[in-house]
Structure formats: structure tokens, C-alpha cells
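Spelled out, the chains give:
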Amino acid sequence: MEKGPLLLTIAVLGGTGKEGKGLAYRWAKAGYKVLIGSRSSERAVTTASEIMELLEGSSSLVGTSNLEAAQLAEIVVVTVPYSAHRETLESVKDVLKGKLLIEGALPLLPPKMTKVQMPAAGSAAQEAKEIVGEGVEVCAAFQNTSYELLLTDEDVECDVLVTGTSKDARTEALRLVEAAGLTGWDAGPIENSVVVEGLTSVLIHINKQYGTTHAGIRITGASHNS
Ligand SMILES: NC(=O)c1ccc[n+]([C@@H]2O[C@H](COP(=O)([O-])OP(=O)(O)OC[C@H]3O[C@@H](n4cnc5c(N)ncnc54)[C@H](OP(=O)(O)O)[C@@H]3O)[C@@H](O)[C@H]2O)c1
């Protein structure tokens, strides 16, 4: 029997951090089994219990190492700083075959966070694809979603553009976007992630210019019903 989306297990590597914790909270709340990954299993266990407490114990969350989380999950989401994404991917790539990898890292290089700076591969997501190699579908998502909007039950006024290596992979990633309570759009092949990742520098610039912390984007003129 094919597994329904609610039975899939999601690993969030770097799930102890700001973005990963917010996503883990929303997916656990939606009924997914979530594995918080970390370089320190102890830190991961602490984060998992913090989220369980927020959800009043009604969800399935486990804290463990990044490697074990990636081993046990069907979908692996990376939410570590760009400076750590290569090392993190290298450490788990052997257990990713046949799985979906969702890259959440952005090539933001402090202190120039308001200036687009892309790696030679094109984008962080394309770099991730190069690192993990054949047999792993890679999507990019959540790059424009501020963590401040995630660890709440509020609606998020920022759409999620999903790019990826195949239509099926993007469809799977879009299910997770919807489960997190956000509006997602199929934004095309993984090469398009350069635009989505670059857009975050624009949003950070807008934050600075207009005195906010979570400027976002919304797609207009399109509907999910058409
Ligand atoms: N923050 C946002 O609003 C936001 C929005 C969109 C996209 N993003 C992207 O999402 C990613 C995570 O952002 P964040 O703000 O959540 O980052 P963060 O809180 O600074 O770090 C996330 C986790 O990454 C792990 N980590 C940190 N340094 C590491 C290193 N040198 N090597 C291996 N792991 C390391 C840590 O987990 P352990 O110490 O437990 O291993 C940490 O808890 C970034 O690439 C960021 O650009 C962030």
C-alpha cells in the first residue's frame, strides 16, 4: 500500500535553529513524524521536547544526530547556515538515495546580506544537487520565509516558491508547504532557485529600508483552482 503524505517522516537537519524549529513545529502539528537533527543529539532532544511542549505533547517529534535523522526519514530538509551546508550534506549524502532533499539554506555571506552573492554552481540548491549526486531529488523551498513567522499559529503572509529537479519532487515539496499552512507555488526547475534565493537579499534590503523584519512576497494573478 502506498504511504499517504501524513505518514511520511521528515528529518530537519539543523532543526535546533531558528528556521528549522519553526518548520518542525508546523509539520509536527500537521501530523507528520518529525526528526530534529543536530550535530549534538542532546541539543536535538532538548529542541524536540520544547516543540512537544508547545504542542502540548500531541505530536511525534524525536531529537537525534543529523545522520540518524537523515537515515530514518523519507524527506530530508536542510536548515543550516550556508557556511555549514556543504559539510552537512557531505555527512549525510550516503543515506539520501531515493529520498527527497529540500534545501532551505541561502548563500548569504555576512556582512553583505543585502547583496546577491551566488556560488559557482548557480545557487545553494544547485550546489546541494552537485554534492548529493544521482538518485536524490532536490528541491529548494522556504528561502523567503522569515523564521519569525513560523513558530506561531498565525497565517504567513509570504508565499513559498518551490523549485526542484522534477515535477514529482516539487509536488511532494508543495505538500509540505501546504501542511505547514503556507501557500506554495511550483516555480520550475532547480536552476530557477537562483532567483528565489537571490530574492531574499532583496527582502532583507527592504526590511532595512522600511524598518521591518519579515518582508515577504505574494504571487498574484494565479490561482490553485485553475
Ligand atoms: N532565519 C530565517 O529567517 C531564515 C529564512 C529563510 C531561510 N533561512 C536559511 O535557513 C538556514 C538556517 O537559518 P537559521 O536562521 O535557522 O540558522 P541558525 O539558527 O543560525 O542555525 C541553524 C542550525 O544550524 C546548525 N549549525 C550552525 N552552525 C553550524 C556549523 N558550522 N556546522 C554545522 N551545523 C551548524 C546549528 O545546529 P546544531 O548546532 O544543533 O547542529 C543551528 O541550530 C540558513 O541557511 C538561512 O539562510 C533562514
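Data block above holds the structure.
Residues numbered from 1 in each chain as written. Predicted model: local features only at pLDDT ≥ 70, side-chain atom pairs only at ≥ 80, totals over all residues. Heavy atoms only, no water.

Caption draft 1: The arrangement of the site of the ligand in detail. Inspection of the region around the ligand gives 21 residues, with Thr16, Ser38, Arg39, Arg43 and Val80 positioned closest. Side-chain polar atom of threonine 16 to an oxygen atom of the ligand: 2.6 Å apart, as the coordinates give it. Within the backbone of leucine 106, a nitrogen or oxygen atom sits 3.3 Å from an oxygen atom of the ligand. The protein chains hide 79% of the 880 Å² of surface that the ligand would expose on its own. The pocket occupied by the ligand, as judged from atoms lying within 2 Å of grid points, is the largest pocket. Counting only elements with at least two residues in the shell around the ligand, the list comes to α1 (18-29) and α4 (82-92). (Near = heavy atom within 4 Å. Polar contact = N/O pair within 3.5 Å; in protein donor to acceptor, adjacent residues only side chain to side chain. Areas by Shrake-Rupley, 256 points an atom, 1.4 Å probe, with all protein chains shown as cover. 1 Å grid on protein atoms, 1.4 Å probe; cavity = no way out; pocket = protein on both sides within 12 Å on 5 of 7 lines; lining within 4 Å. Sits in = over half its atoms within 2 Å of the grid points. Helix = DSSP H or I, 4+ residues; strand = E, 2+ residues; numbered from the N terminus.)

Caption draft 2: The arrangement of the pairing of strand β2 (residues 33-38) in detail. Most of β2 sits out of view: five of its six residues are buried. When strand β1 (residues 9-13) meets β2, the two strands line up parallel, connected through five bridges. Looking across to β2, one finds that isoleucine 10 is bridged to valine 34. Crossover β1 to β2 through α1 is right-handed. For β2 and strand β3 (residues 61-65), the ladder comprises five bridges, and the chain directions are parallel. (Buried < 20%, exposed > 50% of the residue type's maximum accessible area, 1.4 Å probe, protein only. Pairing = 2+ DSSP bridges. Right-handed = clockwise from strand over helix to strand, strands pointing away.)

Caption draft 3: How the structure looks around empty space enclosed by the protein. Applying the stated rule across the entire model yields one cavity of 30 Å³ or more. Looking at the largest cavity, its volume works out to about 40 Å³. Residue lining of the largest cavity: Leu106, Pro107, Leu108, Val116, Gln117, Met118, Glu197, Gly198 and Ser201, and that is the complete set. Grouping the amino acids of the lining of the largest cavity by side-chain chemistry returns five nonpolar, three polar and one charged. (Points joined across faces, edges and corners; volume = space filled by probe spheres on them. Nonpolar A, V, L, I, M, F, W, Y, C, P; charged D, E, K, R; others polar.)

Caption draft 4: Spotlight on helix α5 (residues 124-132). With seven of nine residues buried, α5 is to be regarded as a mostly interior element. The set of residues buried in α5 consists of Ala124, Ala125, Gln126, Glu127, Ala128, Ile131 and Val132. Buried residues belonging to α5 abut α4, β5 (100-103), β6 (137-140) and α7 (193-210). (Contact = heavy atoms within 4.5 Å.)

Caption draft 5: Representation of the sheet that holds β6 in the model. Here we have eight strands laid out as an open sheet, ordered β3-β2-β1-β4-β5-β6-β7-β8, and mixed in their pairing. Edge positions in the sheet fall to β3 and β8 (184-189), since each has one partner strand and no second. On average, adjacent strands in this sheet sit at an angle of 25 degrees to one another, irrespective of strand direction. Sheet topology places β5 next to β6; four bridges connect them, and they run parallel. Residue pairing across strands places isoleucine 102 opposite cysteine 139, the latter belonging to β6. Docked against the sheet, α4 engages β1, β4 (75-78) and β5, running at close to 170 degrees with respect to β5. (Axes fitted to C-alpha atoms, helices over the stretch in contact; angles between N-to-C directions.)

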